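Below, each chain spelled out in residue letters.
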Amino acid sequence: MNVTERNQLFQEAALQTKALGKIERWKKIALALSALGVAFTYAGYAGQLPHPFYGISGITLILAGTGSAAVINLGIRNGKRNVEKILGLLEMNKSCHIS
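Residues numbered from 1 in each chain as written. Predicted model: local features only at pLDDT ≥ 70, side-chain atom pairs only at ≥ 80, totals over all residues. Heavy atoms only, no water.

Points about the overall build of the protein chain
Link 1 in the chain: Scanning the protein chain from N- to C-terminus turns up two helices and zero strands.
Link 2 in the chain: For the protein chain, the C-alpha radius of gyration of 22 Å lies well beyond 13 Å, the compact-globule estimate for 99 residues.
Link 3 in the chain: Principal-axis analysis of the C-alpha atoms gives the protein chain an extent of 75 × 15 × 15 Å.
Link 4 in the chain: Counting over 99 residues, the protein chain shows a buried share of 21%.
Link 5 in the chain: Partitioning the contacts of the protein chain with sequence separation of at least 6, the portion at a separation of at least 24 is 67%.
Link 6 in the chain: Carbon and sulfur atoms make up 67% of the accessible area of the protein chain, which totals about 7,200 Å².
Link 7 in the chain: Side chains of the protein chain give 11 positive and 5 negative charges; the mean places of these two sets differ by 8 Å. (Helix = DSSP H or I, 4+ residues; strand = E, 2+ residues; numbered from the N terminus. Rg over C-alpha atoms; globule rule 2.2 N^0.38 Å. Buried < 20%, exposed > 50% of the residue type's maximum accessible area, 1.4 Å probe, protein only. Contact = heavy atoms within 4.5 Å. Areas by Shrake-Rupley, 256 points an atom, 1.4 Å probe, with all protein chains shown as cover. Lys, Arg positive; Asp, Glu negative; His and termini not counted. Charge placed at Lys NZ, Arg CZ, Asp CG, Glu CD.)

Okay, structure coming up:
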């Protein structure tokens, strides 16, 4: 592997790591949406003035938030695995040239 390919792989790993950080923020937003759903559900069914609309909206937010967070988490896990493979390839190639 020449220097240009190594630099490209290193840059790709850096870009993917940056993207994973942004995706982590989306996961936090999805979990916050789920927490908001819990508050809506409580207000809808156990609040001072129960209203089924809030309860149903809350349950929908909980399901949407947790489902989104689960899918996002899967993407993050696969992305981290991919970055580890790239860095492992770079490390393996580096140790081959040193020997």
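Comments concerning a nonpolar patch on the surface
Link 1 in the chain: Taken together, the side chains of Tyr45, Ile56, Ile59 and Leu63 make up a nonpolar region of the molecular surface, amounting to roughly 410 Å² of accessible area.
Link 2 in the chain: For the nonpolar patch, the leading source of residues is helix H2 (residues 52–98), giving three residues.
Link 3 in the chain: Residue classification places Ile59 among the partly exposed positions, given a relative accessible area of 38%. (Patch = residues over 30% accessible without salt bridge, like charges linked within 9 Å, V, L, I, M, F, W, Y side chains within 5 Å. Salt bridge = Lys/Arg side-chain N within 4 Å of Asp/Glu carboxyl O.)

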